[in-house]
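Letter by letter, the chains look like this.
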Amino acid sequence: MINRAKKLLTLKDLIQTVSEFARNEHETALAVADLLNRGVVRIVPRTQPVRVGTHRRRF
């Protein structure tokens, strides 16, 4: 049985969720890598380009 997410999560969301249950950062990294390697989760490219900008300070 394949469970499909009702909402796509970001990689950040996945890491934060796994880290809530992991004992440390190393375990978090191993768990996320394992989920990706086994195909339980997969990275889907965004359909729209991401805009990256810098915050400018006004004096």
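Read on for a plain summary of the structure. All values derive from a computational prediction rather than experimental measurement.

### Thoughts on helix α2 (residues 25-37)
Part 1: In this model α2 runs 18 Å from its N-terminal to its C-terminal C-alpha over 13 residues, within 8% of the 18 Å that 1.5 Å per residue would give.
Part 2: Here α2 has its buried residues at Thr28, Val32 and Leu35. All buried residues of α2 fall inside an arc of 60° around its axis, so they share one side. In α2, the exposed residues that point more than 90 degrees away from the buried face are His26, Leu30 and Asn37.
Part 3: Where α2 is buried, its residues contact α1 (11-21).
Part 4: Looking at where α2 begins, the residue whose side-chain oxygen comes 3.2 Å from the main-chain nitrogen of His26 is Asn24.
Part 5: Residue Gly39 follows α2 closely and has a positive phi angle near 80°.

### Notes on the pattern of salt bridges
Part 1: In this structure the tally under the stated criterion is 2 salt bridges.
Part 2: Between Glu27 and Arg23 there is a salt bridge, with its nearest N and O atoms 2.9 Å apart.

### Concerning the environment of Leu11
Part 1: Within the element layout of this structure, Leu11 appears in helix α1.
Part 2: Under the relative-accessibility criterion, Leu11 is labelled partly exposed at 44%.
Part 3: Put simply, Leu11 and Val44 are 33 residues apart on the chain and 9.8 Å apart in space, counted from C-alpha to C-alpha.

Cut-off values and rules
Residues take numbers from 1 onward in each chain, read along the sequence in its written order. Given that this is a predicted model, residues contribute local features only at a pLDDT of at least 70 and side-chain atom pairs are listed and counted only at 80 or more, while totals for whole chains, interfaces and linings are drawn from all residues. Remark: hydrogens and water are excluded; side-chain values derive from all non-hydrogen atoms of the structure. Strands are runs of DSSP state E lasting at least two residues, helices are runs of H or I lasting at least four, and both sets are numbered from the N terminus onward. Multiplying 1.5 Å by the residue count of a helix minus one yields the expected span of that helix. Note on classification: 1.4 Å probe, protein chains only; a residue is buried when its accessible area is under 20% of the maximum for its type, exposed when over 50%, partly exposed between these limits. Directions pointing from the helix axis toward each C-beta atom define the arc. Throughout, a residue-residue contact means that at least one pair of heavy atoms, one from each residue, lies within 4.5 Å. Under this definition, polar contacts are N or O atom pairs within 3.5 Å; protein pairs additionally need one hydrogen-donor-capable and one acceptor-capable atom, and for neighbouring residues in sequence, both atoms have to be side-chain atoms. Here a salt bridge means any side-chain nitrogen of Lys or Arg lying within 4 Å of a carboxyl oxygen belonging to Asp or Glu.

Any link to function would need more than the numbers given here.
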